[in-house]
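Observations on chain architecture
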Amino acid sequence: MENIDKKKIGEFIAELRKEKGITQKELAKDLFLSDKAISKWETGQSIPDVQILIPLSEKLGVTVTEILQGKKSSLNVSNEEIAVKQIITIANNMEKKETIRLRQLFIICLILTILEIFIISRIDILLINLSNFGFTCGIMAFFFGIYFCFFAKETLPKYYDENQIDYYTNGFIRLHISGVSFNNSNWQPILKHFKIWSSVTMLLSPLILFINNSINSMIFMIPFFITLFGPIYYISKKY
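To keep things clear, this report deals only with the structure shown in the data block. (Residues numbered from 1 in each chain as written. Predicted model: local features only at pLDDT ≥ 70, side-chain atom pairs only at ≥ 80, totals over all residues. Heavy atoms only, no water.)

**Some details on the overall build of the chain**
Assigned secondary structure in the chain consists of 10 helices and two strands. Counting over 239 residues, the chain shows a buried share of 39%. In the chain, the proportion of contacts linking residues at least 24 apart, taken out of those at least 6 apart, comes to 69%. Looking at the chain as shown, the accessible area adds up to about 13,600 Å², and 62% of this sits on carbon and sulfur atoms. (Helix = DSSP H or I, 4+ residues; strand = E, 2+ residues; numbered from the N terminus. Buried < 20%, exposed > 50% of the residue type's maximum accessible area, 1.4 Å probe, protein only. Contact = heavy atoms within 4.5 Å. Areas by Shrake-Rupley, 256 points an atom, 1.4 Å probe, with all protein chains shown as cover.)

**Points about the packing of aromatic side chains**
Considering all chains together, one arrives at 13 aromatic pairs under this definition. The interplanar angle of 70° and the centroid separation of 6.3 Å between the aromatic rings of Phe-106 and Phe-150 together place this pair among those described as edge-to-face. Linking Phe-106 in helix 6 (residues 78–123) with Phe-150 in helix 7 (residues 133–150), this pair joins segments that are 44 residues apart in sequence. Taken together, a centroid distance of 5.7 Å and an interplanar angle of 70° make the contact between Phe-144 and Phe-194 edge-to-face. (Phe/Tyr/Trp six-rings, centres within 6.5 Å; stacked < 30°, edge-to-face > 60°.)

**Some details on the pattern of salt bridges**
Summed over all chains, the structure comprises five salt bridges. The partner of Arg-17 in a salt bridge is Glu-42, and the shortest N-O contact between them spans 2.5 Å. Of this pair, Arg-17 sits in helix 1 (residues 6–19) while Glu-42 sits in helix 3 (residues 35–42), and the two are 25 residues apart along the sequence. No difference in accessibility class separates Arg-17 from Glu-42, as the two residues are buried. Here Glu-154 makes a salt bridge to Lys-195, at a shortest N to O gap of 3.9 Å. Placement of the pair is Glu-154 in the loop between helix 7 and helix 8 (159–162) and Lys-195 in helix 9 (residues 187–211), with a sequence separation of 41 residues. Given the relative accessible area of 31%, Glu-154 is considered partly exposed. Look at Lys-195 and you get buried, because its relative accessible area is 4%. (Salt bridge = Lys/Arg side-chain N within 4 Å of Asp/Glu carboxyl O.)

**Some words on the layout of surface pockets**
Estimates place the volume of the largest pocket at around 1,100 Å³. In terms of lining residues, the largest pocket is bounded by 35 residues, among which Asp-49, Gln-51, Glu-95, Gln-188 and Pro-189 are the most central. For the lining of the largest pocket, the secondary-structure elements that each account for two or more residues are helix 3, helix 4 (50–60), helix 6 and helix 9. The biggest single contributor to the lining of the largest pocket is helix 6, with nine residues. The residue makeup of the lining of the largest pocket, split by class, is 16 nonpolar, nine polar and 10 charged. Looking at the second largest pocket, its volume works out to about 280 Å³. Around the second largest pocket, the lining is made up of 19 residues, and of these Ser-34, Asp-35, Gln-164, Ser-181 and Asn-183 lie nearest the centre. (1 Å grid on protein atoms, 1.4 Å probe; cavity = no way out; pocket = protein on both sides within 12 Å on 5 of 7 lines; lining within 4 Å. Points joined across faces, edges and corners; volume = space filled by probe spheres on them. Nonpolar A, V, L, I, M, F, W, Y, C, P; charged D, E, K, R; others polar.)

**What to know about the pairing of strand 2 (residues 173–176)**
A regular strand places its side chains on the two faces of the sheet in alternate fashion. Burial of strand 2 is one-sided: the residues Ile-173 and Leu-175 facing one way are buried, the residues Arg-174 and His-176 facing the other way are not. Where strand 1 (residues 167–170) lies against strand 2, four bridges are found, and the strand directions are antiparallel. Across the sheet, the residue bridging to Tyr-168 is Leu-175, located in strand 2. Taken together, strand 1 and the strand that follows it, strand 2, pair antiparallel across an intervening segment of two residues, in which Gly-171 is found at a positive phi of about 65°. (Pairing = 2+ DSSP bridges.)

**Observations concerning the environment of Lys-36**
Tracing the backbone shows Lys-36 in helix 3. By relative accessible area, Lys-36 is classed as partly exposed at 36%. Taking the C-alpha atoms as reference points, Lys-36 and Ser-185, 149 residues apart in sequence, are found 8.8 Å from one another.

**Some details on the nonpolar core**
Ranked by size, the top nonpolar core spans 30 residues in total, and within it Phe-148, Tyr-168, Leu-175, Phe-182, Trp-187, Ile-190 and Phe-194 carry the most contacts. Counting only elements with at least two residues in this core, the list comes to helix 6, helix 7, strand 2, helix 9 and helix 10 (218–238). With seven residues, the top contributor of residues to this core is helix 9. Setting aside its immediate chain neighbours within four residues, Phe-148 contacts Leu-175, Trp-187, Leu-191, Phe-194 and Lys-195. Leu-16, Ile-22, Ile-38 and Trp-41 belong to the second largest nonpolar core, which has 20 residues in total. (Core = buried A, V, L, I, M, F, W, Y, C linked by side-chain atoms within 4.5 Å.)

**Overview of helix 7**
If you check helix 7, its first and last C-alpha atoms are 26 Å apart, about what 18 residues at 1.5 Å a residue would give, namely 26 Å. Phe-133, Gly-134, Cys-137, Gly-138, Ala-141, Gly-145, Tyr-147, Phe-148 and Cys-149 are the residues of helix 7 that are buried. (Expected span 1.5 Å × (residues − 1).)

Below you can see the structure in the form of structure tokens.
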């Protein structure tokens, strides 16, 4: 297959979309994406993620191979198309495996955190101090990790892509971040960040708990909130 040309692919997608009489917003809605994502494809700033290629090809009436080549083909591409779809299936399976790995990471960090607390508690009798910022870090990271690793939805409802929504809600969970617009283009990277942040922060919390007994908690509060919210703002602007 030819080298991937983002601009050529984008122009091809725009041409097919217009031939079908579909607006960027309508295509985005059908694919559970934001119209900003479609615009980025068509201007050559990015290309569709692998999990989007098959539904996109079906919507535009072409093969995945033709999308990746940025042109229609008069040749029989059935064998190549099968190979491409197999690659996409493998990529999707890899994403599922990544979810499993991140869950395993959280469980391992939880076990190590419990061991840390046990060891440190043998040294510092002041360890269990509810006003200690390390305690707050650990509790927040634990509950964030449990939720985002095991219960958070992998995709958002369509109305997130149709509106500028700066909060995520699911049952009793409500996450509001001013200046961030949640949609299906950035939700997966944001989920991944929450999972990794929760695991690492939980693992570090006993150390913070131990040190914070003699140091002002402000030293830990600043990096705590920067590492939690900073990447989310970056991800929301990137996708």
